[in-house]
Protein chains: 2
Amino acid sequence: MKPLITIEYCPKCGWLLRAAYMAQELLTTFATELGGVTLRPSETGGTYIISLNEEIIFDRKEAGHFPEIKILKQQVRDRVNPEKSLGHSDRP
Amino acid sequence: MKPLITIEYCPKCGWLLRAAYMAQELLTTFATELGGVTLRPSETGGTYIISLNEEIIFDRKEAGHFPEIKILKQQVRDRVNPEKSLGHSDRP
């Protein structure tokens, strides 16, 4: 079973487009590694939480900002395929 | 538990953008009715299958074409909230 990502977003905040954008970035970069990305509308205002399987890898309320896509890809890469190069999205 | 939609698409066919578009249409129209929409890359070429919970509601290989968004919304509406009006996307 390939890893599953969930992006839980606040629909009333208008964050669907942002969540869908990030889903497409992840599915483009990790097309063969991921089992899927779920867009999940939250019933709690201000929610923007990204999980990989059951592990929360980003929570906007904790971070105080939205995730940077480059860093998000590094976090996913480190968990699903640590050997993978992300090209110009890679470290440093 | 709110109903979950899965869009399984063929990444090698370049159908991620189409799947993400339809996910956003459904999540906009059914923001309060759906528990989520999952974008799932298929390992089988030519796959474009939309399921609601475990029920397949559209299969491109059976239909011979992609789903029309208006009809897809009607199918989802009929299952998750039959009383809901879809405005100009609605029947006659």
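Residues numbered from 1 in each chain as written. Chains lettered and ligands numbered in written order. Predicted model: local features only at pLDDT ≥ 70, side-chain atom pairs only at ≥ 80, totals over all residues. Heavy atoms only, no water.

The name that an unreviewed UniProt entry assigns to chain A is SelT/SelW/SelH family protein, with the source organism given as Chitinophaga hostae.

Draft legend 1. A look at unusual backbone geometry. Its identity is not glycine, yet A:Asn53 carries a phi of approximately 50 degrees, on the positive side. Structurally, A:Asn53 is set in the loop between strand S3 (48-52) and strand S4 (55-59). (Helix = DSSP H or I, 4+ residues; strand = E, 2+ residues; numbered from the N terminus.)

Draft legend 2. The arrangement of the nonpolar core in detail. By size, the foremost hydrophobic cluster in this structure holds 51 residues, and its most contacted members are A:Ile7 and B:Ile7. If near-sequence neighbours (up to four positions away) are discounted, B:Ile7 is found in contact with B:Ala19, B:Met22, B:Ala23, B:Val37, B:Thr38, B:Leu39, B:Arg40, B:Tyr48, B:Ile49 and B:Ile50. (Core = buried A, V, L, I, M, F, W, Y, C linked by side-chain atoms within 4.5 Å. Buried < 20%, exposed > 50% of the residue type's maximum accessible area, 1.4 Å probe, protein only. Contact = heavy atoms within 4.5 Å.)

Draft legend 3. Fine view of the pattern of salt bridges. Residue and element names in this part refer to chain A. Counted according to the given criterion, the structure contains ten salt bridges over all chains. Lys84 is paired through a salt bridge with Glu33; the nearest N and O atoms lie 3.1 Å apart. Of this pair, Lys84 sits in the segment after helix H3 (69-80) while Glu33 sits in the loop between helix H1 (16-29) and strand S2 (36-41), placing them 51 residues apart in sequence. What makes Lys84 partly exposed here is its relative accessible area of 21%. For Glu33, a relative accessible area of 12% gives the class buried. The salt bridge involving Asp78 is made with Arg77; its shortest N-O contact spans 2.9 Å. The class for Arg77 is buried, based on a relative accessible area of 3%. (Salt bridge = Lys/Arg side-chain N within 4 Å of Asp/Glu carboxyl O.)

Draft legend 4. Examining the interface of chain B and chain A more closely. Contacts between the two partners involve 19 residues from chain B and, on the opposite side, 19 residues from chain A. Buried area between chain B and chain A, summed over both chains or domains, comes out near 1400 Å², and the portion from carbon and sulfur atoms is 59%. Considering only the side of chain B, the residues that lose the most area to chain A are B:Gln24, B:Leu27 and B:Leu39, jointly responsible for 31% of the buried surface there. On inspection of chain B and its partner chain A, the count reaches two salt bridges. Here B:Glu43 and A:Lys2 are joined by a salt bridge, their closest N and O atoms 2.7 Å apart. Broken down by secondary-structure element, the contributors of at least two residues to the side of chain B that touches chain A are helix H1 (16-29) and strand S2 (36-41) of chain B. With seven residues, H1(B) is the largest single contributor of residues to the side of chain B that touches chain A. The residue inventory of the side of chain B that touches chain A, partitioned by class, reads eleven nonpolar, five polar and three charged. (Buried area = accessible area lost by both parts, 1.4 Å probe. Nonpolar A, V, L, I, M, F, W, Y, C, P; charged D, E, K, R; others polar.)

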